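Each chain, written out:
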Amino acid sequence: MQIKKDEHKLEYKLNIIKEQFQDCDDLVIREIDVGIENECKMAIVYIDGMTDKALISEFALNNLMISSRISMPNDVKNNIKDLIQKKTIAITEIKEVKKIEESIKSILSGETILFIDNVEESIVLSSRGWPTRSISEPQSEVVIRGPRDGFTETLKVNTSLVRRRIRDTNFKIKNVSLGERSNTDVAILYVEDIVNKTVLKEVEKRLEEIDIDMIQESGGVEQLIEDDCYSLFPQIQYTERPDVVSASLYEGRVAILVDNTPFALIVPVTLTTFLQSPDDYYERWIISSFVRIIRLVATAFSLFLPSMYIAISSYHPDMLPTDLAVYLAATRQGVPFPAFTEAFIMEATLELLREAGVRLPRAIGSTIGIVGGLVIGQAAVQAGIVSPLMVIIVAITAISSFAIPSYNMAIGFRIIRFVLMLLASVLGLYGIILGFLVTLINLANLRSFGISYLEPLCSVGENLKDLKDSIVRAPIPSMNLRPKMYTKRNRNRLDDKRKEIFGEDDIKK
């Protein structure tokens, strides 16, 4: 029988739903006749596995079934939609949609749709209830002292973890949808009276300009909105920790949470951001500053140590003390390869071991990395392929690279390390200096949502105060102002008592 094309008819709406979800066996449609004489027809539609069926059964379907036994006068039939919303459905969050496309989008998002015959609007019942991973400690950002909770793959859980830490009405969450087909939920988080409005508008603009069929993880969003996709250095920070997100929001930055991933994005960022750890703010300032200096030294070792070995052993042995130069020549006696090949073999082997350790099960991954490194290094020395000093240098380089808190920044340094090794094998120390200058020029030109990547290291004027939380960390009472490189609004962090101690004039600046 031909169905009359009337968009308000229940049969017409269900026909479109069945057509769109053809061969989708997880679609559930439950039709209901309300009234003793079946005066009104309704239908509940949802996807099995994405909806809390107990919630729908107890607070929606049960009440509608009770109403089905009651006679419906004409005045009730004319106001059936309002009566259902205000007196029948006991679910806390409901809304109306008019277009059938909006209803389909809500169904795909895990909501339940209530269609009513001869009523234009459909009622969306909030009933998302898919299986979720419980909150656990982040694996990629382990801290000695600090909160142990981390983000999960559910957006609502992640926003609630941040809201729990920021009990402020100025804390705003703006939801958008990305992906023409995936319709992935994305949340923009910021503190309204602190955030840099220019950065916020730029974030919203770049997200709006994303035109892609699917967003699967926050890494896809990161690559679509970053300033320079060809740079080795990350321009967006990602984290699994709600405390890192909340602290960044109070600095005037913007966070982006993406559904189906535990990693949040934070913008803008600077070079020093990637060399800092949450532990820096939970320990006393002397300890944190000492650890940061060690971290900077480790970064320099991981970047320059193999190339320095190549340059000095190949071109500048006269820079070493005589005894050390003689020892270096003696350790290299019998090694058939030049210093560059020797270093490249060991570094490439280390990278293979590192990658294999990541892909292997956790119980044996770390063991393979450590034992494999020791066995291969010792075997290479005994076979005369590499010198003992080269094994020591590679080991120190590997340990130093692990001291860098940010994984994606460490990857960039590892790639530059190979470039510096190649330049050192050709030009010696001059090649290392050349490679360093090119890297420095790239860093100076790099920007993250309008903020210079080398802030506050290249600051002049008032921005010099931001150095209190860069290479070292000053005592918390002295960091009375928010970083000016991130925001110029509402920068004061201290109360009136602190103003008396540190001076009101300084705080006003």
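Conventions used here
- Residues numbered from 1 in each chain as written.
- Predicted model: local features only at pLDDT ≥ 70, side-chain atom pairs only at ≥ 80, totals over all residues.
- Heavy atoms only, no water.
- Phe/Tyr/Trp six-rings, centres within 6.5 Å; stacked < 30°, edge-to-face > 60°.
- Lys NZ or Arg CZ within 6 Å of the ring centre and 35° of its normal.
- Helix = DSSP H or I, 4+ residues; strand = E, 2+ residues; numbered from the N terminus.
- Buried < 20%, exposed > 50% of the residue type's maximum accessible area, 1.4 Å probe, protein only.
- Arc of directions from axis to C-beta.
- Contact = heavy atoms within 4.5 Å.
- Pairing = 2+ DSSP bridges.
- Axes fitted to C-alpha atoms, helices over the stretch in contact; angles between N-to-C directions.

Chemist: Any chance you could break down the packing of aromatic side chains for me, citing the residues and the numbers?
Modeler: Tallying each qualifying case throughout the model produces seven aromatic pairs. Taken together, the ring pairs connect Phe233, Phe274, Phe413 and Tyr453 into an aromatic cluster. Between the NZ or CZ atom of Arg206 and the centre of the ring of Phe449, over which it lies, the distance is 4.1 Å. In this structure, Arg253 is placed above the aromatic ring of Tyr486, and the distance from its NZ or CZ to the ring centre is 4.9 Å.

Chemist: Report on unusual backbone geometry, specifying residues and quantitative values.
Modeler: The step from Val267 to Pro268 runs through a cis peptide bond, and the omega angle for that step is -10°. Position of Pro268 relative to the elements: it lies in the loop between β10 (264–267) and α10 (279–282). Here the residue pair Glu455 and Pro456 is connected by a cis peptide bond, since its omega of -10° sits within 30 degrees of zero. Positive phi, close to 65°, is recorded for Asn118, a residue that is not glycine. Tracing the backbone through its elements, the reader meets Asn118 in the loop between β4 (112–116) and β5 (122–125).

Chemist: Residue-level account of helix α5 (residues 100–108), with values.
Modeler: Along α5, the residues that are buried comprise Ile100, Ser103, Ile104, Ser106 and Ile107. All buried residues of α5 lie within an arc of 160° about the axis, which places them on one face of the element. The inward-facing, buried residues of α5 contact α1 (10–20), β1 (27–34), β2 (40–47), β3 (94–97), β4 and β5. Phi turns positive one or two residues past the end of α5, at Gly110, with a value near 100°.

Chemist: Lay out the sheet that holds β1 with the relevant residues and their values.
Modeler: Sheets are built from strands that pair by backbone hydrogen bonding, the pairs being arranged parallel or antiparallel. Read across the open sheet, the five strands follow the order β1-β2-β4-β5-β3; overall the sheet is antiparallel. Single-partner strands in this sheet number two, and they are β1 and β3. Strand-to-strand twist across the sheet, computed as the mean angle between neighbouring axes with direction ignored, equals 25°. Of the strand pairs in this sheet, β4 and β5 are connected by three bridges, and their pairing is antiparallel. In the sheet register, Ile113 faces β5, and the bridge partner there is Val124. Against the sheet, helix α4 (residues 80–88) engages β2, β3, β4 and β5, with an angle of about 145° to β4. Sitting on the sheet, α5 touches β1, β2, β3, β4 and β5, and the angle it makes with β4 is about 145°.

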